[in-house]
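# Observations on the three-dimensional arrangement
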Amino acid sequence: MSSTAVDPRFEHPGQRGPLVAGDNDFTTVTDTVCGIVEEPKTPRAWYVAFAAAFGLTTILMAMIAYLFMEGIGVWGLNHPVGWAYDITNFVFWVGIGHAGTLISAILFLFRQKWRTGINRFAEAMTIFAVVCAGLFPAIHVGRVWVIWYVFPVPTQNAIWPNFRSPLLWDVFAVSTYMLVSLMFWYMGMVPDLATLRDRAKTKIRQIAYGILSLGWRGSNRHWHRYEVAYLLLAALATPLVLSVHSVVSFDFAVSSLPGWHTTIFPPYFVAGAIFSGFAMVMTLIIPSRAYFGLKEIVTMRHLENMCKVILATGSMVGLAYATEFFIAWYGANDYEYFTFINRATGPYAWAYWIMVTCNVLVPQIFWFKKSRRTIWIMLIASILINVGMWFERFVIIVTSLSRDFLPSSWGYFTPTWVDILTLAGSFGLFFTLFLLFVRFLPMVAMAEVKSVMPQAQPTPEVQIGAGDYHGDIPPIEYIPKRERPPDGEKR
Amino acid sequence: MSAKDETMIRDGDDRRLYGLAVEFDSVNALLQACASVRDAGFKKWDAYTPFPVHGLNDAMGIKHSRLPILVLMAGATGAGLGLLMQWWMNAVDYKFIISGKPFFGLPATIPITFELTILLAATSAFLGMLAFNSLPMYHHPIFASRLHKRATSDRFVICIEAEDPRFDDRKTEEFLAALGGTEIERVWRERR
């Protein structure tokens, strides 16, 4: 480990230093990660943050109760803007929920080992974001008590849902995504929960983590199937994560509204989702790694890699914006042309330019190595990107709806206090779940981090062939068979 | 090196020996030891590690898992059920009359068929892994082992079970001692 000249804290193209910085071994990784959860005295800062987040969650619940009592008239919706904050929030949160599975599935298949430092964190964030997302389509229907009609369950009405509706595809896509992400996250956590169980000092912890860890005992016969299952889940989750936001984009693209009815939507939405998801991971991990002392596990190199993903996906999003404009002009459709000119210069021009600034211009700062290594730049940029991505969905949804084919039916959407507090409350729910996660569950995938440490790699005398981490199947019996004892000495 | 605690089975002791555990502190030592145990012909034994050690499956002689076949079947079931459900519900049991469009069109069914394929395949991968591993299993004799406590953190443990036909109290202990582990422990089943 010390023989390498590469500074592991930073990314050096073409050179591979160890992923865990500092003088760490398996013991210190366990101690660092478990220590956060095992700290008997909950930090005061956690209580402060939790009180704030839980307060906002309470506001969310109150807003939902008010909505249910009064109907969706309490939102600023009107004719023609029938979708506004509700669906904007839905698409925003689903988008954020894409980074976790991208990191754990797609980067896994691409053998990006640095993902091990941040995948648990990102997966947890994914699940909490999808919880927030799932809330909005459920509450935005006028008659919430019949929301279960979206599921194909036999009823006395003998009516089945219309499977040709993209809105129903959405129900299936988002609920599948939720369940698969949850299984992926939980399965990854089982060995780490077993670690917590075996270190538990109190009876309650022993029982709680004991139940959660399902009796995992680290048997290699189990690890073997576990890894097969992990690989299969990654292979299944990869097309899934790409499909979810594609299906979300069909909600718009399948309609005939100018500004929505474009074929670029699925890839454009997926790139945007990954972009916003990575930004949210960054916003959360920068304070967490500093506060919980994880700087040697989540190093500057991880952050630098994330900056590069943000730069790439942000530029893709920028390219999509430009392509939309080009096609609006090149397609020679008056309504489409008008819609895009209207976005940039009409009544919502302020929202449009916030979006362009935050999503296209801000990430360009990551072309410079200095900004990829400066914490405050990353933090501010990632927050701005989150703002920008919320506005992207707002611009797509509201500008297209507010001015469609007939000028006589044009309108303008203004949010009410209920709209704004519901949005704020959804952040409260997200952070409440997130704070509970960092307090009670292992924040870093210890088993996975250990398996990419140099100490986990057998030396060449023992290993012949490519025994790389995950998936590479080494040649059978590369460990030379020992000579059997010469005579019939039985054991 | 010898087992420090309770080398002898005392008279009247109703505990039964589960096996002999030996601890290693490096991946290299573990891999070599596992290859030796494998070549010595033991069948009922296992290695306990804090993370999946690569190459250990071969060193232990573990065969390929059949999990992928299960997952393939579950995925195919999901696709079939998804298509069948949409066809029966929208084209047979409750026909949706929309602008004279056909009651069943393959392209419109693809998203839900795809999602159900993934859902069933992924669920079977997760539950199948647990089922093949007989998990959850909250009672296992190895939990009584002191050495095993660190096998989920930073040590590697091999345990040869007493039920193995080749197991012999003294010879197996000598054999394990020669593997170069750091410590040997006798693992007892719980008192009945």
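Residues numbered from 1 in each chain as written. Chains lettered and ligands numbered in written order. Predicted model: local features only at pLDDT ≥ 70, side-chain atom pairs only at ≥ 80, totals over all residues.

Below, the discussion takes up the overall build of chain A. Regarding its fold elements, chain A presents 16 helices and 0 strands. Relative to the globule expectation of 23 Å for 491 residues, the C-alpha radius of gyration of chain A, 25 Å, shows essentially globular dimensions. A sequence separation of at least 24 residues applies to 79% of the contacts in chain A between residues at least 6 apart. (Helix = DSSP H or I, 4+ residues; strand = E, 2+ residues; numbered from the N terminus. Rg over C-alpha atoms; globule rule 2.2 N^0.38 Å. Contact = placed C-beta atoms within 7 Å.)

Time to look at the overall build of chain B. In terms of helices and strands, chain B carries 5 helices and 4 strands. Helices and strands appear in chain B in the N-to-C order β-α-β-α-α-α-β-α-β. By the compact-globule yardstick of 16 Å for 192 residues, chain B is too spread out, its C-alpha radius of gyration being 26 Å. Taking the principal axes of its C-alpha atoms as reference, chain B extends roughly 85 × 40 × 30 Å. Sorting the 192 residues of chain B into buried and exposed places 47% on the buried side. In chain B, the share of contacts with a sequence separation of at least 24, taken over all contacts with a separation of at least 6, comes to 82%. (Buried ≥ 20, exposed ≤ 12 C-beta atoms within 10 Å, placed from the backbone.)

Moving on: the interface of chain B and chain A. With 70 residues of chain B at the interface, the matching set in chain A holds 65 residues. Broken down by secondary-structure element, the contributors of at least two residues to the side of chain B that touches chain A are helix 1 (27-39), strand 2 (45-48), helix 2 (56-60), helix 3 (67-93), helix 4 (106-132) and helix 5 (169-177) of chain B. Considering every element that reaches the side of chain B that touches chain A, the biggest residue donor is helix 4 of chain B, with 16 residues. Of the residues in the side of chain B that touches chain A, the class split is 43 nonpolar, 17 polar and 10 charged. (Nonpolar A, V, L, I, M, F, W, Y, C, P; charged D, E, K, R; others polar.)

With that out of the way, let us pick up the confidence of the model for chain B. Residues and elements named next belong to chain B. Residue-level pLDDT values for chain B average 86, and 92% of them are 70 or greater. Here helix 2 stands out as the element of chain B with the lowest mean pLDDT, 83, in contrast to helix 4, whose mean of 95 is the highest. Predicted confidence for residues 1-11 stays below pLDDT 50, and this span has 10 contacts to residues more than four positions away or in other chains. Across the interface, the model reports ipTM at 0.90; the global pTM reads 0.89. (pLDDT = per-residue confidence, 0-100.)

With that settled, consider the nonpolar core. In terms of nonpolar packing, the biggest core is built from 190 residues, with Met125, Leu233 and Val281 of chain A together with Cys34, Ala125 and Ile158 of chain B touching the most fellow members. If you tally residues by element for this core, the top one is helix 8 (residues 220-253) of chain A, at 17 residues. Other than its neighbours up to four places away in sequence, Ala125 of chain B contacts Ala229, Leu232, Leu233 and Leu236 of chain A together with Leu67 and Val71 of chain B. (Core = buried A, V, L, I, M, F, W, Y, C linked by C-beta atoms within 7 Å.)

For the rest of this paragraph, the subject is helix 3 (residues 85-96) of chain A. Taking 1.5 Å of rise per residue, the 12 residues of helix 3 of chain A would be expected to cover 16 Å, and the 16 Å separating its terminal C-alpha atoms lies within 8% of that figure. Regarding helix 3 of chain A, the residues found buried are Tyr85, Asp86, Ile87, Thr88, Asn89, Phe90, Val91, Phe92, Trp93, Val94, Gly95 and Ile96 of chain A. (Expected span 1.5 Å × (residues − 1).)

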